[in-house]
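What the coordinates show
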Amino acid sequence: MSEKLSGKVALVTGGTSGIGLATARLFMEEGARVVVTGSSEASVAQARAALPGLVWARVSDARSDADIKALVQDMRAELGLIDVAFLNAGVLRGGSLAQASEADFDEVLDVDLKGPWLAMRALIPHLAPGASIVLNTSVANERGWPGLGAYSAAKAGLRALVRTATAELAPQGIRVNAVSPGPTLTPIFGRNGVPAEQAEAAANSLIPRIPLGRLGQPEDIAKAVLFLASGDAAFVVGAELVVDGGLSQV
Ligand SMILES: NC(=O)c1ccc[n+]([C@@H]2O[C@H](COP(=O)([O-])OP(=O)(O)OC[C@H]3O[C@@H](n4cnc5c(N)ncnc54)[C@H](OP(=O)(O)O)[C@@H]3O)[C@@H](O)[C@H]2O)c1
């Protein structure tokens, strides 16, 4: 085992499921002391069971300034300065421009864009020298997909935030980057009020457009996040690493 994050303190928001869970597991295998967040007691209990050796799994609403501040302060007090943050918590709510609800728009923008902004603000005073922050964008931020207006806009905003954060934080030695997954097999598609089979069929319908001929697995994304989080990416900053089997290139 290479232990690319040996002894590092790492936060994974939305670490109870999908990409966040796979990344938390990989960070732990690489020697990190990992804290994950989720939105409910039930999901954080599942994460604790799935990740033996996890430092904490906490309910922390990504939309709440008070929640993230309290969590970061507890981490600083108990674990010391924070080396790695994967700001990954996100929701997907579909709906065409004509039909999407304002409530869904607000939720997506609050969780997917404002959440990482709040988290970065809270983290800055508590980051270790050479810390790495990775945001989770999406290939949806560079293509027009019917029904993904709020989601694509939130992720495009996140891409912009990586650049601003780089301008502000890179001179202090803090690297901020994004991973940009293509369609990846996680529960996210079935959390939109869409029946699981329908969600799976919608995801599978994208396969013919993916040059590598398959959907992503959470572990595919986790490996890219590990690269950005680790010293292997010491000179990579302000970047968006696309992990999509080639979907956005053809
Ligand atoms: N799957 C894809 O195809 C894909 C593609 C591109 C980008 N992404 C991005 O990848 C990230 C992870 O998504 P995923 O596919 O792994 O989906 P997922 O399995 O549904 O996981 C989403 C995670 O976010 C957490 N979360 C949602 N709302 C939250 C809130 N208000 N407060 C705290 N935590 C909250 C969930 O916690 P609970 O389980 O506790 O609710 C869960 O841990 C998202 O940012 C998503 O936009 C996914």
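The following paragraphs examine the structure supplied in this document. Throughout, a residue's number is its position along its own chain's written sequence, starting from 1. Note on the predicted model: pLDDT of at least 70 is required for a residue's local features to be given, and 80 or more for side-chain atom pairs to be given and counted; whole-chain, interface and lining totals, by contrast, use all residues. Heavy atoms throughout the structure, all of them, feed into the side-chain values; hydrogens and water do not.

So, about the side chain of serine 17. Secondary structure elements are taken from DSSP: a helix is a run of H or I of four residues or more, a strand is a run of E of two residues or more, and numbering for both begins at the N terminus. Tracing the backbone through its elements, the reader meets serine 17 in the loop between strand S1 (9–13) and helix H1 (18–29). Exposure is judged per residue with a 1.4 Å probe applied to protein chains only, and the accessible area is read against the type maximum: over 50% gives exposed, under 20% gives buried, and values in between give partly exposed. According to the relative accessible area criterion, serine 17 is buried, its value standing at 18%. Side-chain atoms alone can form a polar contact between residues adjacent in sequence; in general such a contact is a pair of N or O atoms within 3.5 Å, and within protein one must be able to donate a hydrogen while the other accepts it. Looking at serine 17, its side chain comes within polar contact range of the side chain of arginine 191, at 3.4 Å.

So, about the nonpolar core. Phe27, Val34, Val36, Phe86 and Val179 are the most contacted members of the largest nonpolar core, which totals 29 residues. To form a nonpolar core, buried Ala, Val, Leu, Ile, Met, Phe, Trp, Tyr and Cys residues must be joined to one another through side-chain atoms within 4.5 Å. Grouped together as the second largest cluster of nonpolar side chains are 28 residues, Leu71, Met75, Ala85 and Ala131 included.

This part is about the pairing of strand S4 (residues 82–87). Counting buried positions along S4 yields six of six residues, so the element is predominantly enclosed. As paired elements, S1 and S4 share four bridges and run parallel to each other. Each residue of the ladder has a partner; that of threonine 13, found in S4, is leucine 87. Each parallel crossover has a hand, and the one from S4 via helix H4 (residues 102–123) to strand S5 (residues 127–136) is right-handed. For two strands to be treated as a pair, DSSP must find no fewer than two bridges joining them. The crossover handedness rule: strands pointing away from the viewer, path from first strand over the helix to second strand clockwise, crossover right-handed.

Glancing now at the pattern of salt bridges. Salt bridge, as used here, is a side-chain nitrogen of Lys or Arg placed within 4 Å of a carboxyl oxygen of Asp or Glu. Here the structure, examined in full by the defined rule, presents eight salt bridges. Across the salt bridge formed by aspartate 220 and arginine 214, the nearest N and O atoms sit 2.8 Å from each other. The partly exposed category is assigned to aspartate 220, whose relative accessible area is 24%. Three or more residues joined by partner-sharing salt bridges are found here, namely Asp65, Lys69 and Arg121.

Keep in mind these numbers describe shape, not what the thing actually does.
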